[in-house]
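Each chain is listed here by its residues.
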Amino acid sequence: MPIFYRLKTSLFILSAMSVLLAAGIAPAYAQFQSGGVDKAGSWHVGEGLKQGDYFYYSMCYVDYKECVNFEMELWIKGDVQSGSETKWLAEAVVYDGNKVVKGEIELGKIAPEPTGGSSELGVYRGAFKSSVVWLSAFATADTGTSGKGPKEFAAKSWGKIGNIGGEQVIPMALETVRTQSGTWDTVLVGWKTGGVTSKVWIVDEFPFPVKAKTFTHVSEGIAPVEYEFELVKYEENVQQSPFADVEPTGQEFVGRGCDTGIEKEVTIKRSTANFDYQIYAFYGPAEPIQGCPMEWLIKFISKYDDTEFLNQVHFDFLVLEDDRSIKRSIAKEEGRQFLYSPSGQYELDMIVKESPGDVTYTILVYGLAPENWVPDATPDYLEIPVLILPSDSGYVQPTPPVSAPTPPVTQPTEQTAVPDWIKDTTKLWIDGDIDDATFVNGIQFLINKGIIVIPPTAQGSSDSAEIPSWIKDTAKLWIDGDIDDATFVNGIQFLIKEGIISLS
């Protein structure tokens, strides 16, 4: 409940609220939020940090490829002197897709924010500071500065978010959470952002949060994730570097004669084949080499306005066979169904696996929709021809085993298969967040694209788009794990036979 102790009378408050509401103005409650949990003690970022601590986080940050996941390992090696200040010296390894980056990071002792270290880790240091260590903006070991010291768990507020309309950061609840590193008794610290609650789980006497999922501040629409992380592993008293045998990929690429200081020199600005979108693509190096890194910046622009970025773009980056089946999918290589850009700008790092010669890369746009929804649109694409050069080192991309080819998604096999991620969209339909028509359109799209594979089924016709209630009951059982994929597919087959779902 809001706190009104700073105002003289409740009558004045109610009167003021009435005036605001009558004028169509929603009162701002941010400054009145109150928290606090029933737990003695306090906490600050870096509490209990010591030499020999080892942390392994899985994480993402919105300013780094719009929250594409990477892993970071951190080992506190000891002290390092920087001018008159003594800091922590940490060794770090980052696993980012095909890249392995290794180096050192310096961390402050009052607030363990990265302040220097290997240049190769620069972008990852920034992501670590703005996610795992973000609460150091409110809670540090600095007891000599008002408002900057350790924060009590019972405190009503730890401080206010700086943006306009920002909410209070407050201890919200005591929760037991499970991460890949184990089970933790935590204090949930959170704040409201754009209609959703951002959450960070901290542990008393543990230096960093063990889990978080937060959202960017938006005035309208769906708030995208700002950062998300989870502690995968933690060890104490590690006296020898755990990274002695780790080889960064940069050295491997140098050995192949690769350009490691990549600049995106080539620019392409074109409409997609059906003129549904404009795409600005920038890539480098200008002469990519087989087996070497290649970097892209892809911008999705409105066909009506060159200055308007599209958002919530579902797409993929492909190499196609002559028969238009998929030979290579970057989304599949990253273990995802689609690549996704909430802002319309996407940074893509890849290794050139194609043979030397002329290669056509295809940017396939599935459409625009929230992340866990299926776009209700006809896909469109842009083809970009690129000349691939051979490696001076004689590197040849290994050929996948012929005995285990990956079937192209355009030619589904006749078997029952439903990817687990489709349960998210189905749950939205069951909960009433999307209507029957949107759900049917999504299922049609997934079947037509070979993402849901079902046995051959006769197509019926119907003037009704109403889905029988038992289908929703069946879907709920499937989501809960009480029935298998085959039983769920029986329900889809019924909709096809009745003509409610149309297949192309």
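In what follows, the structure referred to is the one given above.
For the structure given in this document, a descriptive report is provided here.

## Observations regarding the sheet that holds strand 14 (residues 266-271)
Where strands meet in a sheet, backbone hydrogen bonds hold them as pairs that are either parallel or antiparallel. Pairing is antiparallel across the open sheet formed by four strands, whose spatial order is 14-15-16-20. Edge positions in the sheet fall to strand 14 and strand 20 (345-351), since each has one partner strand and no second. On average, each strand axis in the sheet is tilted by 20° relative to the strand beside it, whichever way the strands run. As paired elements, strand 15 (residues 278-284) and strand 16 (residues 293-301) share seven bridges and run antiparallel to each other. In the strand pairing of strand 16, Tyr280 is matched with Lys299.

## Focus: a negative patch on the surface
The grouping of Asp259, Glu263, Glu265 and Glu287 at the surface amounts to a negative patch. Within the secondary structure layout, Glu287 lies in the loop between strand 15 and strand 16. Residue classification places Glu287 among the exposed positions, given a relative accessible area of 56%.

## Some points on the sheet that holds strand 3 (residues 70-82)
Overall, antiparallel pairing links the 11 strands, which are arranged 6-5-4-3-2-13-12-11-10-9-8 in an open sheet. Of all strands in the sheet, those bounded by a partner on one side alone are strand 6 (114-117) and strand 8 (159-160). Strand direction decides the pairing type here: strand 12 (residues 211-215) and strand 13 (residues 225-235), joined by five bridges, are antiparallel. Bridge pairing in strand 13 links Phe215 to Val225.

## Let's talk about the state of the cysteines
Cysteine pairs can be covalently joined through their sulfur atoms, and such a bond is termed a disulfide. Across all of its chains, the model carries two disulfides by this definition. Cys60 shares a disulfide with Cys67; S-S distance 1.9 Å. Residues Cys60 and Cys67 are joined through a disulfide that is right-handed, its torsion about the S-S bond being 60°. Residue Cys67 is classed as buried on the basis of its relative accessible area of 17%. Each disulfide pairs two cysteine sulfurs, and for Cys258 the partner residue is Cys292, the sulfurs being separated by 1.9 Å. Looking down the S-S bond of the Cys258 and Cys292 bridge, the torsion is -80°, so its handedness is left-handed.

## Describing the pattern of salt bridges
For the structure shown, the criterion picks out 19 salt bridges. A salt bridge links Asp306 to Lys269, with the shortest nitrogen-to-oxygen separation between them at 3.4 Å. Here Asp306, found in the loop between strand 16 and strand 17 (313-320), pairs with Lys269, found in strand 14; they are 37 residues apart in sequence, far enough to count as distant. The class for Asp306 is partly exposed, based on a relative accessible area of 40%. Within the structure, one salt-bridge network assembled from shared partners comprises Lys65, Asp96, Lys99 and Asp349.

What counts, and at which threshold
- Residues numbered from 1 in each chain as written.
- Predicted model: local features only at pLDDT ≥ 70, side-chain atom pairs only at ≥ 80, totals over all residues.
- Heavy atoms only, no water.
- Pairing = 2+ DSSP bridges.
- Helix = DSSP H or I, 4+ residues; strand = E, 2+ residues; numbered from the N terminus.
- Axes fitted to C-alpha atoms, helices over the stretch in contact; angles between N-to-C directions.
- Patch = residues over 30% accessible without salt bridge, like charges linked within 9 Å, V, L, I, M, F, W, Y side chains within 5 Å.
- Areas by Shrake-Rupley, 256 points an atom, 1.4 Å probe, with all protein chains shown as cover.
- Salt bridge = Lys/Arg side-chain N within 4 Å of Asp/Glu carboxyl O.
- Lys, Arg positive; Asp, Glu negative; His and termini not counted.
- Charge placed at Lys NZ, Arg CZ, Asp CG, Glu CD.
- Buried < 20%, exposed > 50% of the residue type's maximum accessible area, 1.4 Å probe, protein only.
- Disulfide = S-S within 2.5 Å.

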